[in-house]
Structure formats: C-alpha cells, structure tokens
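Residue-level listing of the chains:
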Amino acid sequence: VPNSDWISDDREGLTICDATSSIFGMDMMPWTKLDVITYSWQKVLGGEGGHGMLILSPRAVARLESFKPNRAMPKIFRLTKGGKLNAGIFRGETINTPSMMCVEDYLDALKWAKSIGGLNALLQRSLDNVAVLADFVSKRPWIDFLCENPEHRSNTSVCFTLDLPADALKKLQKLLEGEGVA
C-alpha cells in the first residue's frame, strides 16, 4: 500500500496492521493512522521466532475496555481486567513465559540498532540491501522481481521469479544447498 490516505482520520473502526515484515525495515505510514500494530522479533532484527509484540493506540484501548465478550475468552486474548486495560502486560508481565535468552537477544538487537543510528539507519540499510538485489536483477535476464511494479515492491520480503531451464534450476538449487542458504 503506497500511502495511508484511504484511512480516514475520523473513522469509527480500528485500523489493524500486521507489521511483521516491515517494522524496522520500511518507512511505516503515519502511526496516527494505525490503532493495532503487531510484529514479531524474528524478522528485520533477526531474533528468535514466536514472540509477538502488540502496540495499541488510545482508540484501541478504549475499544478493548468497552467490549464485553458474550463468551469465554482464551487467556492469551484477555487484555482487560475488570473493564480496564491490564496494563501489566505492557510493563513486562507476560501471559506465557518467554525465554529470557530471547528477550536479552532482542534487547541486544535494539541496542545495536540504536548504535548504528536508530530507525533511520535501519531503514537506509534495508533500502541499500534491496538496491544490491535490484542491481543484480538488472544485469541478468533470467531473474526478475515477482512484483513487476517497483512502487509496490517490498524491500523486506523480496520475491523473485526465475526463467531458467530445469537443469539450470537444479544446478542453482544444489549451489544454494551447498552454501547452506536453501
């Protein structure tokens, strides 16, 4: 999605964004347009998988506090207690016990990101990396981006098409396997 103009500032509903592949690697739309943002550590910062993060806007909190489910909710979805946001979840209390090694790894990744210049440096690194790929593609007739429109391409979830005969494709696959990347 090239911009967030289609999200009304006076909307009644909530805007939910799965930012797993974009957070820390793409210029996100104005945060005021997003009410619920989810992501996990394993993508752009290269951390351990299975640890979901949740960012809520004041509108999302108000919706949580006013919603009364007509059925039992699994513990993992209970973000309110007594009609109020269970703020402890956002101060370090957990629903399930995460690996403290993974938490420390994530904190290390955030410190590293800050040391290289923070979010702007991460965004530039991501753009520089996709530029290397684009240069590679531009010099070879047998590979192209799956998304043909450059304005719509992701710089964090890059997909290619290969126009190779079957024997060359198998040779490439063996090469990648031999290098431990496939």
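Residues numbered from 1 in each chain as written. Predicted model: local features only at pLDDT ≥ 70, side-chain atom pairs only at ≥ 80, totals over all residues. Heavy atoms only, no water.

1. Thoughts on the overall build of the protein chain
The condition is simple: In this description a helix means any DSSP run of H or I spanning at least four residues, a strand means any run of E spanning at least two, and both kinds are numbered starting from the N terminus. We call two residues in contact when some of their heavy atoms are within 4.5 Å. What sets the accessible areas is the Shrake-Rupley method with a 1.4 Å probe; for residues, cover comes only from the shown protein chains. Under the counting rule used here, the positive set is Lys and Arg, the negative set is Asp and Glu, and His together with the chain ends is not counted. Where a charge lies is defined by one atom per residue type, namely NZ (Lys), CZ (Arg), CG (Asp) and CD (Glu).
Check the secondary structure of the protein chain and you find four helices and seven strands. Helices and strands appear in the protein chain in the N-to-C order β-β-β-α-β-β-α-α-β-β-α. A principal-axis box enclosing the C-alpha atoms of the protein chain has dimensions of 65 × 40 × 40 Å. Within the protein chain, counting contacts between residues at least 6 apart in sequence, those at least 24 apart form 35% of the total. Within the structure as shown, the protein chain displays about 13000 Å² of accessible surface, and the carbon and sulfur contribution to it stands at 56%. For the protein chain, the distance from the average site of its 21 positive side-chain charges to the average site of its 22 negative ones is 8 Å.

2. Observations concerning the sheet that holds strand β1 (residues 16-18)
Sheets are built from strands paired through backbone hydrogen bonds, the pairs being either parallel or antiparallel. The cut-off we apply is this: At least two DSSP bridges between two strands are required for those strands to pair. Under this scheme, a helix contributes an axis fitted over its contacting stretch, all axes are lines through C-alpha atoms, and angles between N-to-C directions fall in the 0 to 180 degree range.
What the three strands build is an open sheet, ordered β1-β2-β3; its pairing is mixed. For this open sheet the edge positions go to β1 and β3 (52-56), each flanked by a neighbour on one side alone. Here the strands of the sheet are splayed against their neighbours by 15° on average, with no regard to which way each runs. Inspection of the sheet shows strand β2 (residues 36-40) paired to β3 by five bridges, in the antiparallel sense. Within β3, the position partnered with Val 36 by the bridge is Leu 56.

3. Side note on helix α3 (residues 118-138)
Quick reminder of the rule: Each residue after the first adds 1.5 Å to the expected span of a helix. Partly exposed residues are those whose accessible area sits between 20% and 50% of the maximum for their type, while under 20% is buried and over 50% is exposed, using a 1.4 Å probe and protein chains only.
With 21 residues, α3 extends 30 Å between its outermost C-alpha atoms, agreeing within 8% with the 30 Å of an ideal straight helix rising 1.5 Å per residue. Restricting attention to buried positions, one finds in α3 the residues Gly 118, Ala 121, Leu 122, Leu 123, Ser 126, Val 130 and Val 137. Of the surrounding secondary structure, the elements contacted by the buried residues of α3 are α2 (100-115), β6 (143-145) and β7 (160-162).

4. As for the pattern of salt bridges
The test is simple: Criterion for a salt bridge: a side-chain nitrogen of Lys or Arg within 4 Å of a carboxyl oxygen of Asp or Glu.
All told, the structure shown has four salt bridges when counted by the stated rule. Arg 11 is the partner of Asp 35 in a salt bridge, and the nearest nitrogen-oxygen pair spans 3.1 Å. Of this pair, Asp 35 sits in the loop between β1 and β2 while Arg 11 sits in the segment before β1, and the two are 24 residues apart along the sequence. An identical accessibility class is assigned to Asp 35 and Arg 11; each is buried. Residues Arg 59 and Asp 35 are paired through a salt bridge, measuring 3.1 Å at the closest nitrogen-oxygen approach. Within this pair, whereas Arg 59 is found in helix α1 (residues 58-66), its partner Asp 35 is found in the loop between β1 and β2, the two being separated by 24 residues in sequence. Taking relative accessible area as the criterion, Asp 35 reaches 1% and is therefore assigned buried. Through salt bridges with shared partners, a single ionic network connects Arg 11, Asp 35 and Arg 59.

5. What about the packing of α2 against α3?
The condition is simple: Comment on the angle field: the value is read as roughly parallel under 35 degrees, roughly antiparallel over 145, roughly perpendicular from 65 to 115, and oblique elsewhere. Just so you know the grouping, Ala, Val, Leu, Ile, Met, Phe, Trp, Tyr, Cys and Pro go in nonpolar, Asp, Glu, Lys and Arg go in charged, and all remaining residues, Gly too, go in polar.
For the pair α2 and α3, interaxial distance at closest approach is 7 Å and the crossing angle is 85°. Put simply, α2 runs roughly perpendicular to α3. Contact with α2, carried on its side by Trp 112, Ala 113 and Lys 114, involves Gly 118, Leu 122 and Arg 125 of α3 and no other residues of that element. Split into classes, the residues belonging to the contact of α2 with α3 amount to three nonpolar, one polar and two charged.

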